[in-house]
Amino acid sequence: MSELQEIANKIAYDQHLTPYMVRNPYYSLEAINTLASYKANSSIIEDLFLYYHDDNIIYSYRGLSDLDVVFGDMYHYENWNKEAIFRDLNESTQPIMRPAENVTVNSRKEPLLTFLVPIKPNDPFPTGTVVYLMSEAKLMGVMDSILSDFSGSSYIFNQDGEVLTSNNRGVSSNKEVLSTLSSLEPGIHSMDLDGEQHSVVSVKSTWNNWTYVITMPSYQFFSRVAHIQTLIFMVFCIAVLTGIVAAMFLAKRQYHPIRDLIEFTKLKSTDIDTSKTRNEWDWIKQTIHNYSTTIDTQEPFVRNQCLLLLFRHGKPDDPEIEHMIANAGLEYPHGPGQYFSVKLAWDEPLEGDESRKVRHHMQELLGELELPELNTYVYGVEFSSTDQFALMVSMPAVDDAYIQTQMEQIIDTIQMMVTDNFQIIPYIGVGTVYRDLAGINQSFIEAATAMENRMVGSSGRVTYFEHLSEITLSTAETFWIPKKSILKLEQSLKQGNESVADQMISSIIDTIKDESLPISLLRCISFDLLNSLIRTAAELGVNEVFTNITSYSNFETLGELESKLTSMTALICQQVQLNTETEQPSLIDNIVAYVDLKYADYTLSLEHVALKYSVSLSYLSRSFKEKMGCNFSQYIWHRRMEEVIRLLVNTDAPLKEIIESVGYLDAPNFIRKFKKETGYTPGQYRKLKAAEISASQENE
């Protein structure tokens, strides 16, 4: 019906079907062809007519005809006379669907439905009517295809409850039954029709308010339901069986990783009593427990390495190491925190066993210390210098006005603990407080500066970097660089910390720029700053500085001076780092020995070795290659290759077990690399060597 309404809309606005066009002798043929095309657009239309009001002529795809001829001779209705036809064609303002009735068509009777649509649609004053004639048989054929092999009946009722069309199969269609069916509420109902129980389905259209009803014997309805239930049950059983088979297959397949994990733990674990483990999960649980215990014993070592890294380089921009620092508990655990560094030393170095004993107990006491009354955590590590300890203190964030008071309470507590436990009165240098771990290397340099220059600070054995004496001047003519800034710069150079030294130079230059100084005073201050770096270079034995002394002293602007100072800083810090490395000639030898011992550990990496030995990645990579003639990863590969070849030749162990035993978990990739390097797969190599050994024995 929606499709027929749409065709009527198109006819109403079609330029070829206006009253003028259809009545014009010249254009009427074109109008007739247009009507024919509209009729062809619908499969259920038997005939299509276009009528304009107060006209005795009606138009179709066959041409124009007299109204009396069409509805008198061509189509003769039993219940629709000529007067009613003329009235409905001229006076209808809403679509009308006439119920199916017998119509005499060329002397034969045929049940037809007639649909009248005024044009223009929804116009209160239509000028014409589109007439559709439809065969009841075609419409019911659609419903028969829906009913399939059911022996029920189908009905279509209009909005007034009149039967538009029906298809009866063994059920009487008396007026009482039809009235009952047309008044049913939408849904599924159970009714007694002709003494037999029927299931009735009623649906009401929201588009045209027609009611569609299907009746069928209940036994057919429920037999189909039972059939569907049986089908669902069979499908369910098949799905369950298929699922069981698939689950068993997947379980068997997924067991391989568990078995591989068991084999790997057997290779790595020799202290698990297999008689005490009931199954694979108990084995894995026990192995993980053992690994966890091992990790717990290594936690202090990891924390110490992280502390050394923070003191020397600050908080690194490396997610893995940041995660390691967080896991080591070095960040303040209760919200925002503040951090500062402390350095401890004492006058007379202890000797022999006494020194080792004190240092050991000092590490136990200060390695990890909590001060509950101050909500403070202290972490300490023995520094490279003899009889010196470096501490990192994390405390809750407090207002600037209370920071010094809080620091003094913490330092007094630490000093008292050291004195009571070791009968040593330490010298203590205290750095500045920073609100982020990234500044702890700055605080460490400041603590070292305070320690080294304690004589110029306040009296007593505790020296705060902030209390170091400095020149306090009131006018630009008497301005000079603060002494504590010079001391911190010199200490950063002595520590080989280039980043802090560059920051200090930049800060000092910015401070000078902010002052309006006479040119003569500005030159004196600049040369004093330059002299501080040259003096420090002389103390450290960086003689390369003096070969370029002329170039360093020639500058015209503060920017040029800053550039020359930073280049000198890089040279000094490189020399300090080199001096530190040469003081430990066996470091790379120790690293190589460690790698030779741990090469079968799949977690071994350049980063972890650098962290373990507290050296930079660049230095370790460069020094390792200079020492061994190849880079770190190549060396690991060669060591693993050597061990695999040894095991292939001297044992009958399975290939996968051999590969895993050297720390290589990706067996296919290893086999591919092995073949690329030797020209044989591991299996072929084993057979080749076995044949060579056999031939050698026969010759002997």
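Residues numbered from 1 in each chain as written. Predicted model: local features only at pLDDT ≥ 70, side-chain atom pairs only at ≥ 80, totals over all residues. Heavy atoms only, no water.

J.: Just to check I follow, could you spell out the overall build of the chain for this structure?
T.: Scanning the chain from N- to C-terminus turns up 26 helices and 18 strands. When burial is assessed residue by residue, the chain has 43% of its 700 residues classed as buried. Long-range pairs, those at least 24 residues apart, make up 57% of the contacts in the chain between residues at least 6 apart in sequence. Carbon and sulfur atoms make up 53% of the accessible area of the chain, which totals about 37800 Å². (Helix = DSSP H or I, 4+ residues; strand = E, 2+ residues; numbered from the N terminus. Buried < 20%, exposed > 50% of the residue type's maximum accessible area, 1.4 Å probe, protein only. Contact = heavy atoms within 4.5 Å. Areas by Shrake-Rupley, 256 points an atom, 1.4 Å probe, with all protein chains shown as cover.)

J.: When you look at the nonpolar core in this model, what are you seeing that I'm missing?
T.: The nonpolar side chains of a soluble globular protein tend to be buried with one another. If you look at the biggest cluster of nonpolar residues, it comprises 33 residues, and the most contacted ones within it are Leu489, Ile512, Leu529, Val545, Met568 and Ile572. When residues of this core are assigned to their parent elements, the largest contribution, 8 residues, is made by helix H16 (residues 519-540). Excluding its chain neighbours within four sequence positions, the residues that come into contact with Leu529 are Ile481, Ile486, Leu489, Ile508, Ile509 and Leu565. Counting 30 residues, the second largest nonpolar core, distinct from the first, contains Met362, Leu371, Leu374 and Phe422. (Core = buried A, V, L, I, M, F, W, Y, C linked by side-chain atoms within 4.5 Å.)

J.: Whenever I open this one, the side chain of Thr34 confuses me. Can you help?
T.: In this structure, Thr34 sits in helix H3 (residues 28-40). Every residue in contact with Thr34, bar those within four places of it in the chain, is listed here: Asp14, His16 and Leu17.

J.: I'm lost on the pattern of salt bridges in this one. Help?
T.: Two side chains bearing opposite charge may form a pair once their charged atoms approach each other closely. All told, the structure shown has 15 salt bridges when counted by the stated rule. One salt bridge connects Glu110 with Arg108, and the closest N-O pair in it is separated by 2.8 Å. Of the residues examined, Arg108 reaches a relative accessible area of 47% and is grouped as partly exposed. For Lys484, the salt bridge goes to Glu466, with nearest N and O atoms at 2.9 Å. With a gap of 18 residues between them, Lys484 in helix H14 (residues 483-494) and Glu466 in the loop between strand S18 (462-464) and H14 connect regions that are remote in the sequence. Since its relative accessible area comes to 16%, Lys484 is described here as buried. The class of Glu466 is partly exposed, set by a relative accessible area of 42%. Overlapping salt bridges, with partners in common, bring together Asp596, Arg639 and Glu642 in one network. (Salt bridge = Lys/Arg side-chain N within 4 Å of Asp/Glu carboxyl O.)

J.: I tried to follow the packing of helix H20 (residues 587-598) against helix H23 (residues 632-650) on my own but got confused; where do I start?
T.: Angle between the axes and distance between the axes: these two values describe a pair of packed helices. Running from N to C, H20 and H23 point in directions that differ by 45°, and their axes come no closer than 10 Å. It follows from the interaxial angle that H20 and H23 lie oblique. The hand of the H20/H23 crossing is right-handed. In this structure, H20 contributes Val592, Val595 and Asp596 to the contact, and H23 contributes Phe632, Tyr635, Ile636 and Arg639. Tallied by class, residues from the contact of H20 with H23 come to 5 nonpolar, no polar and 2 charged. (Axes fitted to C-alpha atoms, helices over the stretch in contact; angles between N-to-C directions. Parallel < 35°, antiparallel > 145°, perpendicular 65-115°, else oblique. Left-handed = near helix turned anticlockwise from the far one by under 90°. Nonpolar A, V, L, I, M, F, W, Y, C, P; charged D, E, K, R; others polar.)

J.: Can you help me understand the packing of aromatic side chains in this one?
T.: We describe a pair of aromatic rings using the distance from one ring centre to the other and the angle between the two ring planes. For the structure on display, the rule yields 17 aromatic pairs. Among the aromatic residues, ring-to-ring pairing joins Phe49, Phe71, Tyr75, Tyr77 and Trp80 into one connected group. A cation over an aromatic ring shows up here: Lys39 above the ring of Tyr61, its NZ or CZ 5.3 Å from the ring centre. (Phe/Tyr/Trp six-rings, centres within 6.5 Å; stacked < 30°, edge-to-face > 60°. Lys NZ or Arg CZ within 6 Å of the ring centre and 35° of its normal.)

J.: When you look at unusual backbone geometry in this model, what are you seeing that I'm missing?
T.: Note: most residues except glycine have negative phi, and most peptide bonds are trans. Note that the residue after Ile119, namely Lys120, is joined by a cis bond; omega there is 0°. Topologically, Lys120 is positioned in the loop between strand S6 (108-119) and strand S7 (128-135). Unlike most non-glycine residues, Asn375 shows phi in positive territory, near 55°. Structurally, Asn375 can be placed in the loop between strand S14 (368-371) and strand S15 (376-382). Overall, the relative accessible area of 47% leaves Asn375 in the partly exposed class.

J.: Help me out: how do you make sense of helix H15 (residues 498-514) in this one?
T.: Every α-helix carries 3.6 residues per turn, so stepping three or four residues along brings you back to the same face. Here H15 spans 24 Å end to end across 17 residues, near enough to the 24 Å set by a 1.5 Å rise per residue. Residues Val500, Ala501, Met504, Ile505, Ile508, Ile509 and Ile512 constitute the buried set of H15. (Expected span 1.5 Å × (residues − 1).)

J.: Just checking my understanding: could you explain the sheet that holds strand S10 (residues 187-193) for this structure?
T.: Backbone-to-backbone hydrogen bonds join strands into a sheet, with any given pair of strands oriented parallel or antiparallel. Here we have 5 strands laid out as an open sheet, ordered S9-S8-S12-S11-S10, and antiparallel in their pairing. One side of each edge strand has no neighbouring strand; the edge strands of this open sheet are strand S9 (163-167) and S10. Across the sheet, the mean angle from the axis of one strand to that of its neighbour is 20°, orientation sign disregarded. Of the strand pairs in this sheet, S10 and strand S11 (residues 196-204) are connected by 7 bridges, and their pairing is antiparallel. When the sheet's bridge partners are listed, Leu193 is paired in S11 with Glu196. On top of the sheet, helix H7 (residues 175-182) reaches strand S8 (153-157), S9, S10, S11 and strand S12 (211-217); it is set at about 70° to S8, its chief contact. (Pairing = 2+ DSSP bridges.)

J.: How should the environment of Ile534 be read in this particular structure?
T.: Counting through the fold element by element, Ile534 comes out in helix H16. We classify Ile534 as buried; its relative accessible area is 14%. The residues contacting Ile534, other than those within four sequence positions of it, are Val545, Phe546, Ile549 and Met568.

J.: What should I look at first to understand the packing of helix H13 (residues 440-452) against H15 in this one?
T.: Interhelical geometry of H13 versus H15 gives an angle of 80° and a closest axis separation of 10 Å. Our classification of the angle between H13 and H15 gives roughly perpendicular. Counting all contacts with H13, which are made through Asn441, Gln442 and Ile445, the residues of H15 involved are Ser499, Val500 and Gln503.

J.: Even after reading the chapter, I still don't get the pairing of S7, so can you show me in this structure?
T.: Side-chain positions along a regular strand alternate between the two faces of the sheet. The element S7 is largely enclosed, with a buried count of 8 among its 8 residues. Going residue by residue along S7, you find Gly128, Val130, Tyr132 and Met134 tucked away on one face and Thr129, Val131, Leu133 and Ser135 tucked away on the opposite face as well. Pairing geometry for S6 and S7, over 8 bridges, is antiparallel. Its bridge partner lying in S7, Pro118 is registered against Thr129.

J.: Just to check I follow, could you spell out the environment of Asn122 for this structure?
T.: In this structure, Asn122 sits in the loop between S6 and S7. A C-alpha to C-alpha distance of 9.3 Å links Asn122 and Pro95, two positions 27 residues apart in sequence.

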